[in-house]
Amino acid sequence: MRIATLQRDTKETKIAGKLKIEGRGKYDVATGIRFFDHMLELFTKHGGVDLQIKANGDLDVDQHHTVEDVGIVLGQLFAKALGERRGINRAGYFVLPMDETLAVVALDLGGRPALVYKDLVRVRLVGDLQTELVEDFFGGFVNHAGANLHARVLYGRSNHHKIEAIFKCFARAMKFACSTDRRLRDQLPSTKGLL
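Residues numbered from 1 in each chain as written. Predicted model: local features only at pLDDT ≥ 70, side-chain atom pairs only at ≥ 80, totals over all residues. Heavy atoms only, no water.

**Side note on the overall build of the chain**
Thought 1: Assigned secondary structure in the chain consists of four helices and ten strands.
Thought 2: The linear arrangement of helices and strands in the chain, starting from the amino end, is β-β-β-α-β-α-β-β-β-β-β-α-β-α.
Thought 3: For 195 residues, the compact-globule formula gives about 16 Å, and the C-alpha radius of gyration of the chain, at 16 Å, lands near that figure.
Thought 4: Overall, the C-alpha framework of the chain stretches about 45 × 40 × 30 Å when taken along its three principal axes.
Thought 5: Counting across all 195 residues of the chain, residues that qualify as buried make up 52%.
Thought 6: Of the contacts formed within the chain by residues at least 6 apart in sequence, a portion of 76% connects residues at least 24 apart.
Thought 7: Of the roughly 9,500 Å² of accessible surface on the chain, 49% is carried by carbon and sulfur atoms.
Thought 8: One finds the centroid of the 29 positive side-chain charges in the chain at a distance of 8 Å from the centroid of its 24 negative side-chain charges. (Helix = DSSP H or I, 4+ residues; strand = E, 2+ residues; numbered from the N terminus. Rg over C-alpha atoms; globule rule 2.2 N^0.38 Å. Buried < 20%, exposed > 50% of the residue type's maximum accessible area, 1.4 Å probe, protein only. Contact = heavy atoms within 4.5 Å. Areas by Shrake-Rupley, 256 points an atom, 1.4 Å probe, with all protein chains shown as cover. Lys, Arg positive; Asp, Glu negative; His and termini not counted. Charge placed at Lys NZ, Arg CZ, Asp CG, Glu CD.)

Shown next as structure tokens:
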């Protein structure tokens, strides 16, 4: 069973996290930013993981530290739970229609962080979330999960749908990348012998 827990405390945020990769889509998420909570809940359901995130951040200053640090914690949880990453598929992608919106996410858990992010969101807020921070969330994730992630909205009208489609794609791409292949159970997913 691939499970990880951690506590990350800084001057700006205090975040407790727990992840179970072979989960059932159960979540207990509270960041103080309701739309962000909703996206993490969707990630949990569509990824088939169990996730607990309790974040107390300096929201009186701005949402930036909380959103980015939750991305860092999620990346660290996956890195810890995956361990050496033996036998995983390593890469995954998903294309998702969200009503009038179409998004794609492709990722590789090969150990090298990189992010390419284009969401076409042109408003400052969706719900109570500062939309520019979604990219910072994914930046925190890739740098601490050791992943490269390409997320793109191809087209759409609703800014809510654009962000939601990316999170659902992210979840389903991660689900495949983290899944294991029995034939490869003793192998690292690299011809180099390293991630």
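**Observations regarding the packing of helix 1 (residues 34-47) against helix 2 (residues 64-82)**
Thought 1: Put simply, helix 1 and helix 2 touch, their axes get as near as 12 Å, and they point 20 degrees apart. Between helix 1 and helix 2, the interaxial angle falls into the category roughly parallel. Helix-helix and strand crossings are classified by hand; for helix 1 and helix 2 the assignment is right-handed. Contact residues: Phe 36, Leu 40 and Phe 43 in helix 1; Val 67, Val 70, Leu 74 and Phe 78 in helix 2.
Thought 2: Grouping the constituent residues of the contact of helix 1 with helix 2 by class yields seven nonpolar, no polar and no charged. (Axes fitted to C-alpha atoms, helices over the stretch in contact; angles between N-to-C directions. Parallel < 35°, antiparallel > 145°, perpendicular 65-115°, else oblique. Left-handed = near helix turned anticlockwise from the far one by under 90°. Nonpolar A, V, L, I, M, F, W, Y, C, P; charged D, E, K, R; others polar.)

**Some remarks on the packing of helix 1 against helix 4 (residues 159-178)**
Thought 1: One can describe the packing of helix 1 onto helix 4 by two numbers: an axis separation of 8 Å at closest approach and a directional angle of 35 degrees. Considering only the axes of helix 1 and helix 4, their crossing is right-handed. Taken together, the residues of helix 4 that come into contact with helix 1 (itself represented by Phe 35, His 38, Met 39, Leu 42, Phe 43, His 46 and Gly 47) are His 160, Ile 163, Glu 164, Phe 167, Lys 168, Phe 170, Ala 171, Arg 172, Met 174 and Lys 175.
Thought 2: Of the residues in the contact of helix 1 with helix 4, the class split is nine nonpolar, four polar and four charged.

**Observations concerning the environment of Arg 112**
Thought 1: Residue placement: Arg 112 occurs in the loop between strand 6 (101-108) and strand 7 (114-118).
Thought 2: For Arg 112 and Asn 148, which are 36 residues apart along the polypeptide, the C-alpha to C-alpha distance reads 6.3 Å.
Thought 3: Contact partners of Arg 112, with chain neighbours within four places excluded, come to Arg 90, Gly 146, Ala 147 and Asn 148.

**Re the pattern of salt bridges**
Proximity of charged atoms lets side chains of opposite charge pair with each other.
Thought 1: Enumeration according to the criterion identifies nine salt bridges in this entry.
Thought 2: Linking Arg 8 and Asp 69 is a salt bridge whose minimum nitrogen-to-oxygen distance equals 3.2 Å. Here Arg 8, found in strand 1 (residues 3-9), pairs with Asp 69, found in helix 2; they are 61 residues apart in sequence, far enough to count as distant.
Thought 3: For Asp 69, a relative accessible area of 5% translates into the label buried. (Salt bridge = Lys/Arg side-chain N within 4 Å of Asp/Glu carboxyl O.)

**With respect to the pairing of strand 5 (residues 91-98)**
Thought 1: One ladder, built from eight bridges, connects strand 5 with strand 6; its direction is antiparallel. Looking at the pairing, Phe 94 lines up with Val 105 of strand 6.
Thought 2: The hairpin turn running from strand 5 into strand 6, its antiparallel successor, is two residues long, and Asp 99 in that turn takes a positive phi close to 55 degrees. (Pairing = 2+ DSSP bridges.)

**Quick word on the packing of aromatic side chains**
Each aromatic ring pair is described using two quantities: the centre-to-centre distance and the angle formed by the ring planes.
Thought 1: Applying the stated criterion across every chain yields a total of ten aromatic pairs.
Thought 2: Here the aromatic residues Phe 36, Phe 43, Phe 78, Tyr 117, Phe 137, Phe 138, Phe 141, Phe 167 and Phe 170 are joined through ring pairs into a cluster of three or more. (Phe/Tyr/Trp six-rings, centres within 6.5 Å; stacked < 30°, edge-to-face > 60°.)

**So, the side chain of Asp 181**
Thought 1: With respect to the helices, strands and loops of the structure, Asp 181 is situated in the segment after helix 4.
Thought 2: Overall, the relative accessible area of 15% leaves Asp 181 in the buried class.
Thought 3: Within the structure, Asp 181 has its side chain in polar contact with the side chain of Arg 183 (distance 2.6 Å).
Thought 4: In this structure, Asp 181 is in contact with Gly 87 and Asn 89, ignoring residues within four places of it in sequence. (Polar contact = N/O pair within 3.5 Å; in protein donor to acceptor, adjacent residues only side chain to side chain.)

**Thoughts on helix 1**
Thought 1: Between its first and last C-alpha atoms helix 1 spans 20 Å; for 14 residues at 1.5 Å apiece the expected length is 20 Å, and the two agree.
Thought 2: Here helix 1 lies mainly inside the structure; eleven of its 14 residues are buried.
Thought 3: Positive backbone phi, approximately 70 degrees, marks Gly 48, located one or two places after helix 1. (Expected span 1.5 Å × (residues − 1).)

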